[in-house]
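Residues per chain, in single letters:
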Amino acid sequence: MSKTLSFFASRWGIISAGAFIGILAPILQKLGNPANMGICVACMERDIAGALGLHRVDIVQYLRPEIMGFVLGALIAALMFREFKPRTGSAPIIRFFLGVFAMIGALVFLGCPWRALLRLAGGDGNAILGLAGLAFGIWIGVQFLKGGYNLGRATATKPAAGWVMPVLMVVLLLFAIFTPQFAPGGPIFSSTKGPGAAHAPLIISLVVGLGVGFLAQRTRFCTMGAIRDVVLIRDFHLFTGIFALVVVAFVVNLILGQFKPGFANQPIAHDNYLWNFLGMTLSGLAFALAGGCPGRQLILSGEGDGDAAVFVVGMIVGAGIAHNFALASSAKGPGAFGPTAVVIGLVFCLLIGLFMRERSRA
Amino acid sequence: MSEKIDARGLSCPQPVVLVKKAIDRLGKGEIEVWVDTVTSKENVSRLARNAGFQVTEQEEEGEFMLKLAKD
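Along each chain, residue indices are assigned from 1 in the same order as the chain's sequence is written. Both sets of labels track the order of writing: A upward for chains, 1 upward for ligands. With the structure being a predicted model, the display of local features is reserved for residues of pLDDT at least 70 and the display and counting of side-chain atom pairs for 80 or more, all residues being used for whole-chain, interface and lining totals. Think of the side-chain values as coming from all heavy atoms in the structure, minus any hydrogens and water.

A look at the interface of chain A and chain B
(1) Moving on: Listed as interface residues are 25 residues of chain A and, on the opposing side, 26 residues of chain B.
(2) Moving on: As used here, buried area is the combined drop in accessible area, with a 1.4 Å probe, of two parts when they are placed together. The contact between chain A and chain B buries some 2000 Å² in all, and 47% of this surface belongs to carbon and sulfur atoms.
(3) Moving on: The salt bridge definition used is simple: a Lys or Arg side-chain nitrogen within 4 Å of an Asp or Glu carboxyl oxygen. Where chain A packs against chain B, one counts 3 salt bridges.
(4) Moving on: The partner of Glu 42 of chain B in a salt bridge is Arg 220 of chain A, with the nearest N and O atoms 3.1 Å apart.
(5) Moving on: In the analysis that follows, any N or O atom pair within 3.5 Å is treated as a polar contact, provided that within protein one partner can donate a hydrogen and the other can accept it, and provided that, for residues neighboring in sequence, both atoms belong to side chains. At the boundary of chain A and chain B, one finds 11 residue pairs in polar contact (both at pLDDT 80 or more).
(6) Moving on: Strands here mean DSSP runs of E at least two residues long; helices mean DSSP runs of H or I at least four residues long; both are numbered from the N terminus. Breaking the side of chain A that touches chain B down by element, the ones donating at least two residues are α7 (126–146) and α10 (223–233) of chain A.
(7) Moving on: Counting residues per element, the side of chain A that touches chain B draws most heavily on α10 of chain A, at 4 residues. Residue contacts are counted whenever heavy atoms from the two residues lie within 4.5 Å of one another.

Given below as structure tokens:
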């Protein structure tokens, strides 16, 4: 077991996690997932919000089994390696709103950091603006971290608290399989057109999700952490993982004929440079303040981290808000109130960064 | 010089931030770090090794005590 443990923690371990996602995400696209969206935690949670009726945009409603797979795959890994540790109590309400604003920023850009990398690997030049914004947001977060920003300690709690998210995911999975209708004209909704109607077969999505969840739990794969560690401590360990993801996804896209370079008319994207940049700046800052990218938060919630679970729920609610209040972008550009929401989100995050500070005890 | 850091219950990257501040301040010597997740243990160990510290670890009831040492 210890040899396995050291492999996952090694440089080759993190590279294998990035490469695994880099291979499977473009294949999921080939099998039906939307273009440059083989895996996108933000988009997939947005689709889940739609399927549950938290927003009513009929082209983005589907219970994406990848998300359930991530949490349950992480749960399996955590149980196998004795890392399932129910814990909570580190400023949950703040984490909830960091999740809300992280999602709003991601839906102004149209993607989470994983999708930003996949968009880059698919030739979408707008991803460069998004990734630059992400890095800038994380850089701001690092300045707060250096200044003593801290959301406080979590404490160990009873196992039941750690099982809430995995059980919720099993319930969502059952809804995805049986798509019950709870009221006439009500949820569970499933898109019949648009990105929500584009999906790989359920079982394949689930198996890929389980595999990614397992590997990401073992290797601590995190896109936000990758950039943060470079800025904060000049450590390139996690960064090699996201680098591997981009390189491998690029090659697989080339092989599958999915590489289409350019800025205009990219799939499920817009080319407004400013709001691509600032949307991801907001997300990057919110991720940095919460301690993980959306994928990592899902993985942590599978390990029993109740605070990460609150962030995930915040993101799903945030998706509802983003679409109900015309904040989310479309291929035409930012939504009517998207830019305003990004500014409000940035102000919120800056205030949290300033006020949630602990004087150094050392 | 010896220093003790209790990073139990702190989420990523707080344990690393605390240890980095101590390493930057002390430069060498002994630092005792308590963490309660394997992730924090790995991250702190990697940071310390990269800074030239030797790391020994001890597990006690799901918590980890790391001894970082540099002459």
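Regarding the pattern of salt bridges
All names here are of chain A.
(1) Moving on: By the definition in use, this model includes 17 salt bridges over all chains.
(2) Moving on: As a salt-bridge pair, Glu 83 and Arg 220 come within 2.9 Å of each other at their nearest N and O atoms. Of this pair, Glu 83 sits in the loop between α4 (65–80) and β1 (87–88) while Arg 220 sits in the loop between α9 (202–219) and α10, and the two are 137 residues apart along the sequence. As far as burial versus exposure is concerned, Glu 83 and Arg 220 are alike and both buried. Each residue's exposure class comes from its accessible area (1.4 Å probe, protein chains only) as a fraction of the maximum for that residue type: buried when under 20%, exposed when over 50%, partly exposed otherwise.

Some remarks on unusual backbone geometry
Trans is the prevailing form of peptide bonds, just as negative phi is the prevailing case for residues other than glycine.
(1) Moving on: Pro 187 of chain A connects to Ile 188 of chain A through a cis peptide bond whose omega is 10 degrees.
(2) Moving on: With an omega of 5 degrees, the peptide bond running from Cys 12 of chain B to Pro 13 of chain B counts as cis.
(3) Moving on: As for its position among the elements, Pro 13 of chain B is in the loop between β1 (2–6) and α1 (14–26).
(4) Moving on: Even without being glycine, Asn 265 of chain A reaches a positive phi, approximately 55 degrees.
(5) Moving on: Relative to the elements of secondary structure, Asn 265 of chain A occurs in the loop between α11 (237–256) and α12 (273–290).

Examining the sheet that holds strand β4 (residues 63–70) of chain B
Residue and element names in this part refer to chain B.
(1) Moving on: Whether two strands pair comes down to DSSP finding at least two bridges between them. Spatially, the 4 strands line up as an open sheet ordered β1-β2-β4-β3, and their pairing is mixed. Of all the strands in the sheet, just β1 and β3 (54–60) have a single pairing partner and so form its edges. Sheet twist, expressed as the average angle between the axes of neighbouring strands with direction ignored, equals 15 degrees.
(2) Moving on: Taken together, the 7 bridges between strand β2 (residues 29–35) and β4 define a ladder with antiparallel strand orientation. Looking across to β4, one finds that Glu 32 is bridged to Lys 67.
(3) Moving on: Simply put, an axis is a line fit to the C-alpha atoms, just over the touching stretch for a helix, and the angle between two N-to-C directions goes from 0 to 180 degrees. Against the sheet, α1 contacts β1, β2 and β4, and its axis sits at roughly 170 degrees relative to β1.

Notes on the state of the cysteines
Residue and element names in this part refer to chain A.
(1) Moving on: Criterion for a disulfide: a pair of cysteine sulfur atoms at a distance within 2.5 Å. Counting across every chain of the model gives 1 disulfide over all chains.
(2) Moving on: Covalent S-S linkage joins Cys 40 and Cys 43, the inter-sulfur distance amounting to 2.3 Å. Of note, the bridge from Cys 40 to Cys 43 carries an S-S torsion of about 65 degrees and is right-handed in sense.
(3) Moving on: The exposure class of Cys 40 is buried, given its relative accessible area of 0%.

What to know about the packing of helix α13 (residues 294–302) of chain A against helix α14 (residues 306–324) of chain A
Residue and element names in this part refer to chain A.
(1) Moving on: Across the interface, α13 lies against α14 with an axial gap of 8 Å and an inter-helix angle of 130 degrees. Between α13 and α14, the interaxial angle falls into the category oblique. Crossing geometry of α13 relative to α14 is assigned as left-handed. Packed against α13, whose contacting residues are Pro 294, Gln 297, Leu 298, Leu 300 and Ser 301, the element α14 presents Ala 308, Ala 309, Phe 311, Val 312 and Met 315 at the interface.
(2) Moving on: Broken down by class, the residue content of the contact of α13 with α14 amounts to 8 nonpolar, 2 polar and no charged. In this scheme, roughly parallel covers angles under 35 degrees and roughly antiparallel covers those over 145, while 65 to 115 is roughly perpendicular and the rest are oblique. In this scheme the crossing of two helices becomes right-handed for a clockwise turn of the near helix relative to the far one and left-handed for an anticlockwise turn of less than a right angle. Classification convention: Asp, Glu, Lys, Arg as charged; Ala, Val, Leu, Ile, Met, Phe, Trp, Tyr, Cys, Pro as nonpolar; all other residues, Gly among them, as polar.

What about empty space enclosed by the protein?
(1) Moving on: Definitions used for this entry: grid spacing 1 Å over protein atoms alone; cavity, a set of points where a 1.4 Å probe fits but cannot get out; pocket, an open set with protein on both sides within 12 Å along at least 5 of 7 lines; lining residue, one with an atom within 4 Å of a point. Grid points are joined across faces, edges and corners, and a volume is the space filled by probe spheres set on the points. Under the defined criterion, the tally for this structure stands at 3 cavities of 30 Å³ or more.
(2) Moving on: Estimated volume of the largest cavity: approximately 120 Å³.
(3) Moving on: Every residue lining the largest cavity is counted, 14 residues in all, and those nearest its centre are Thr 219, Arg 220 and Leu 238 of chain A together with Thr 39 and Asn 43 of chain B.
(4) Moving on: Taken together, the elements giving at least two residues each to the lining of the largest cavity come down to α11 of chain A together with α2 (38–50) of chain B.
(5) Moving on: Sorting elements by how many residues they give to the lining of the largest cavity places α2 of chain B first, with 4 residues.
(6) Moving on: Class assignment for the residues of the lining of the largest cavity results in 4 nonpolar, 5 polar and 5 charged.

Thoughts on the environment of Pro 15 of chain B
Residue and element names in this part refer to chain B.
(1) Moving on: By the secondary structure assignment, Pro 15 is in helix α1.
(2) Moving on: Relative accessible area serves as the criterion here: at 2%, Pro 15 is assigned to the buried category.
(3) Moving on: Spatially, the C-alpha atoms of Pro 15 and Leu 47 are 10 Å apart, while their sequence positions differ by 32 residues.
(4) Moving on: Apart from the residues within four sequence positions on either side, Pro 15 is in contact with Ala 7, Leu 10, Val 35, Ser 40 and Val 44.

Notes on the side chain of Glu 3 of chain B
(1) Moving on: Within the secondary structure, Glu 3 of chain B is located in strand β1.
(2) Moving on: In this structure the side chain of Glu 3 of chain B is engaged in a polar contact, spanning 2.6 Å, whose partner is the side chain of Arg 25 of chain B.

Observations concerning the nonpolar core
(1) Moving on: Residue types Ala, Val, Leu, Ile, Met, Phe, Trp, Tyr and Cys, when buried and joined through side-chain atoms within 4.5 Å, form a set referred to as a nonpolar core. Ranked by size, the top nonpolar core spans 127 residues in total, and within it Leu 98 and Trp 114 of chain A together with Leu 68 of chain B carry the most contacts.
(2) Moving on: Here the element with the most residues in this core is helix α5 (residues 92–109) of chain A; it accounts for 12 residues.
(3) Moving on: When residues no more than four places from it in sequence are discounted, the contact partners of Trp 114 of chain A are Ile 21, Ile 39, Val 41, Phe 70, Val 212, Phe 221, Thr 223, Cys 293 and Gly 295 of chain A.

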